[in-house]
Amino acid sequence: MAQKGNIGVTTENIFPVIKKFLYSDHEIFLREIVSNAVDASQKLRTLATKGELQGEAGDLTVKVSVNKEAGTLTVSDRGIGMTEEEIDKYINQIAFSGANDFLDKYKEDANAIIGHFGLGFYSSFMVSKKVEIITKSWREGSKAVKWSCDGSPEFSIEECDKADRGTDIVMYIDDDCKDFLESSKIKELLNKYCKFLAIPVAFGKKSKWDDKEKKMVDTDEDDVINDTTPLWTKKPADLKDEDYKEFYRKLYPMSDEPLFWIHLNVDYPFNLTGVLYFPKVKTNFDIQKNKIQLYCNQVFVTDSVEGIVPEFLTLLHGVIDSPDIPLNVSRSYLQSDSNVKKISTYISKKVSDRLKSLFTQDRKDFEQKWDDIKIFINYGMLSDEGFYDKAKSFALLKDTEGKYFTYDEYQTLIKDNQTDKDGNLIYLYAQDKQDQYSYIEAAQKKGYSVLLLDGQLDPAMVGMFEQKFEKSRFTRVDSDIIDRLIVKEDVKKSELAERDKTILSKAFQGNLPKIDKTEFMVDSQALGETAAPVIITQSEYMRRMKDMARLQPGMAFYGDMPDMMNLVLNTDHPLIKKVLTDAQAVAVDIEIPAPEPKEGEKKAEPTKDIKVELKDNKIVSQLIDLALLQNGLLRGEALNKFVQRSVELI
Ligand code: ADP
């Protein structure tokens, strides 16, 4: 009995929107149609287990096929099917209110519209000029029906022949969407969205090599594209390490083995399962490349999980599956949803619990992994106060010797020897073991411990530590001469007289090579005979300013400033003593006359100064260059001169 009718009341609005505005996302129609088929099949399975189904459920594989000549893409299932009344109820009567407003607001967001209206099925019109539903209900004595609609608000429905129970959705693909008639495209989409659906989905046949034909030929066996029981749906107790690793390889075929993983499984107050992996990250680029995949009942939804997973954990890999996350709504709605907030808190807690137990159960192993997981943990501590509070008991600090300490352990270690006269605990650190070698050594000789803070986030961590740790300061080992790094009593003044200080300073100043964007302040200190004659330091404050400027574009001002270095002369060293004697011999007191006064003003007194002509003094130049060399500051012409001079000196 053929029937004609109109689909719902506001569908006039739906089709143009579906066709026009959802263009960018339109590949998700396949996800919607295939998951409908899977739903119908699962419902049938449930009926069968309840004993309500007459006869056998049989093979429930959902089949996807392309017919290029006919220009159709078909999804067939052997699920519950629909009666004519059901089509009318579920397909024709798409009753919704406030449709126009909603469409207006979300016209860019296909997921939102589809989710809001339960328009899963209608998304097929994004790519089709006509869609047919050929279906036969599981109920005894049902008649098969064929529904057909060409994208106008009109549809037709009539009885038809269909031997088997279930539904075929036949999509007559639009001329401008011919892509979706390519096997490779369909395969790609099935692989993206349907890889873990709970009912087998077949696309084409498995092929095998034929010796006679000398080519790959299709076999009779369906090529099932999905894994119906993916790892996260199984019980952790039934899984071995190798299973987790294998699943990881399946998700990210090109990546290194993960460091460890966390199996998530909650059913109250929301449902959520999943497996999160801590990946081995080699470069920044790796971090961006692989992402956590979000599923809803094993249907892939998205790999942008911001808002659902705490931000710092978006760097992890793996899968989250939850039927309770309102997936098809807009991002801003998601962020305000209280369930979603709870999920985020839960995941964060689960991750810190797991890390904590790794730490307590096998500290050695945890230490071995630390360098790789540090970036995640540090990022978490920096961005999430709650996570900081949990992680501070197992987060580690590493010293330049490669030893690891918890924050508390380290504090105890350095408390006695590294507290300054004002009661501040001074944490010494190096950012590069090679570059800062001599300073590290000097500090160690003094019995100090030096941390290695060479990670990307370490400058930010230092800032955080100084806020969180009471009366504590972080200082890079080369930020001052060793005696002033941790000032334990008021420093003894350099024994040199002011005049000698000036003479010495001028002798060195006059021999400093020009280095682009670097300025030196010359200072003298009695550092003991065994200390180096010349030491270069850069104040912690200045260096941090410049480091920050590099990271933040708004602070270019600091970045353009020259590096201010201190050139500290050790007045106890015999070579410096010799330079002083030489310089004293050539030093002359001079007076610089004041400029001519303006009318009616008195002429000012001349300023007194000392002139020290010690140009091209080999010892001075050599000492400066050696200090520069130690700091990687000797380059180009200056380095060349140094080499020549050194050869001459030999
Ligand atoms: P949703 O799946 O969100 O309910 P859809 O528009 O995708 O929205 O589908 C509407 C209804 O049509 C479904 O709830 C289901 O009852 C019915 N339906 C769709 N596809 C099938 C199918 N392949 N087999 C049986 N029923 C189906």
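Look a little higher up for the structure.
What you see is a predicted model; the values in this text were computed from it and never measured.

Scoring rules and cut-offs
- Residues numbered from 1 in each chain as written.
- Predicted model: local features only at pLDDT ≥ 70, side-chain atom pairs only at ≥ 80, totals over all residues.
- Heavy atoms only, no water.
- Helix = DSSP H or I, 4+ residues; strand = E, 2+ residues; numbered from the N terminus.
- Buried < 20%, exposed > 50% of the residue type's maximum accessible area, 1.4 Å probe, protein only.
- Contact = heavy atoms within 4.5 Å.
- Areas by Shrake-Rupley, 256 points an atom, 1.4 Å probe, with all protein chains shown as cover.
- Expected span 1.5 Å × (residues − 1).
- Patch = residues over 30% accessible without salt bridge, like charges linked within 9 Å, V, L, I, M, F, W, Y side chains within 5 Å.
- Salt bridge = Lys/Arg side-chain N within 4 Å of Asp/Glu carboxyl O.
- Pairing = 2+ DSSP bridges.
- Axes fitted to C-alpha atoms, helices over the stretch in contact; angles between N-to-C directions.
- Core = buried A, V, L, I, M, F, W, Y, C linked by side-chain atoms within 4.5 Å.
- Domains from an automatic or database assignment.

Caption draft 1: The overall build of the protein, seen in detail. Per the secondary structure count, the protein includes 22 helices and 24 strands. Per-residue burial over the protein gives 48% buried out of 650 residues. The contacts in the protein between residues at least 6 apart in sequence include a share of 69% that link residues at least 24 apart. When the accessible surface of the protein is totalled, it reaches about 33800 Å², and 49% of it is carbon and sulfur.

Caption draft 2: Up close: helix α2 (residues 28–50). Compared with the 33 Å implied by 1.5 Å per residue over 23 residues, the 33 Å span of α2 between its first and last C-alpha is a close match. Positive phi appears at Gly51, one or two residues downstream of α2, with a value of about 80°.

Caption draft 3: Local environment of a nonpolar patch on the surface. A grouping of Leu626, Leu629, Leu639, Val643 and Val647 is seen on the molecular surface, where their side chains present a nonpolar patch of about 390 Å² in accessible area. Those elements giving two or more residues to the nonpolar patch turn out to be α21 (618–630) and α22 (636–649). Per element, the largest residue contribution to the nonpolar patch is three residues, and it comes from α22. Relative to the helices and strands, Val643 resides in helix α22.

Caption draft 4: Region of interest: the side chain of Asp478. Looking at the element boundaries, Asp478 is found in the loop between β19 (472–476) and α16 (482–485). Sequence-distant contacts of Asp478, defined by excluding residues within four places in its chain, comprise Gln436, Tyr439, Ile536, Thr537, Gln538 and Arg543.

Caption draft 5: Spatial organisation of the sheet that holds strand β22 (residues 563–570). Here three strands make up an open sheet; going across it, the order is β20-β22-β21 and the pairing mixed. With one partner strand each, in any of the chains shown, β20 (518–525) and β21 (534–537) form the two edges of the open sheet. Within this sheet the neighbouring strands show an average axis-to-axis angle of 25°, counted without direction. Direction of pairing for β20 relative to β22: parallel, over a ladder of eight bridges. What sits directly across from Gln525, in β22, is Asn570.

Caption draft 6: Highlighting the sheet that holds strand β18 (residues 450–452). Strand order across the open sheet formed by three strands is β18-β17-β19, with parallel pairing between neighbours. The two strands at the open ends of the sheet, each matched to only one other strand, are β18 and β19. Going from strand to strand, the sheet's axes swing by 40° on average, the running direction of each strand aside. Summarising the sheet, strand β17 (residues 425–430) and β19 pair through five bridges and their orientation is parallel. From the neighbouring strand, Leu425 faces β19, where its bridge partner is Ser472. Helix α13 (residues 407–415) rests against β17 and β18 of the sheet, and its axis sits at about 105° to β17.

Caption draft 7: Broad picture of the environment of Met82. Looking at the element boundaries, Met82 is found in the loop between β3 (72–77) and α3 (84–92). Owing to a relative accessible area of 15%, Met82 belongs among the buried residues under this scheme. Distance from Met82 to Ile133, taken between C-alpha atoms, is 9.5 Å for residues 51 residues apart in sequence. Every residue in contact with Met82, bar those within four places of it in the chain, is listed here: Ile87, Ile91, Ile133, Thr135, Lys136, Ser137, Val145 and Thr167.

Caption draft 8: Structural view of the pairing of strand β11 (residues 272–278). When you tally the buried positions in β11, you get six out of seven residues, the bulk of the element. Examined bridge by bridge, strand β10 (residues 260–266) and β11 share seven bridges and lie antiparallel to one another. Bridged to Leu264 within β11 is Gly274. Counting the residues between successive antiparallel strands, the hairpin from β10 to β11 contains five residues. Relative to strand β14 (residues 317–321), β11 runs antiparallel, the two sharing five bridges. Within the sheet, the bridge partner assigned to Val275 lies in β14 and is Val319.

Caption draft 9: Quick look at unusual backbone geometry. If you check the backbone angles, Asn297 has positive phi at about 50° while not being a glycine. The phi dihedral of Lys471 falls on the positive side, at around 40°, and the residue is not glycine. Positionally, Lys471 belongs in the loop between α15 (458–468) and β19. A residue is classified by how much of its surface remains accessible, and Lys471, at 49% relative accessible area, is partly exposed.

Caption draft 10: Structural detail: the nonpolar core. Ranked by internal contacts, the top residues of the largest apolar core, which has 66 residues, are Val34, Phe121, Trp147 and Leu190. Ranked by residue count, the leading element in this core is α2, at 10 residues. Taken domain by domain, this core gets at least three of its residues from each of domain 1 (3–205) and domain 2 (231–361). When neighbours within four sequence positions are excluded, Phe121 is seen to be in contact with Ile33, Asn36, Ile91, Val131, Ile133, Trp147 and Ile169. Counting 58 residues, the second-largest nonpolar core is a separate cluster that includes Ile343, Phe376, Met381 and Phe474.

Caption draft 11: Fine view of the pattern of salt bridges. One pass over the structure, following the stated rule, counts 41 salt bridges. Arg484 is paired through a salt bridge with Asp523; the nearest N and O atoms lie 3.7 Å apart. Here the residue Arg484 occupies a position in helix α16, and Asp523 occupies one in strand β20, the gap between them amounting to 39 residues. A relative accessible area of 22% means that Arg484 is categorised as partly exposed. Where Lys546 meets Asp563, a salt bridge forms, and the shortest distance between an N and an O atom there is 3.7 Å. Here Lys546 is found in helix α18 (residues 540–551), whereas its partner Asp563 is found in strand β22, with 17 residues between them in sequence. The exposure class of Lys546 is buried, given its relative accessible area of 9%. One salt-bridge network, in which partners are shared between bridges, spans Glu466, Glu540, Arg543 and Arg544.

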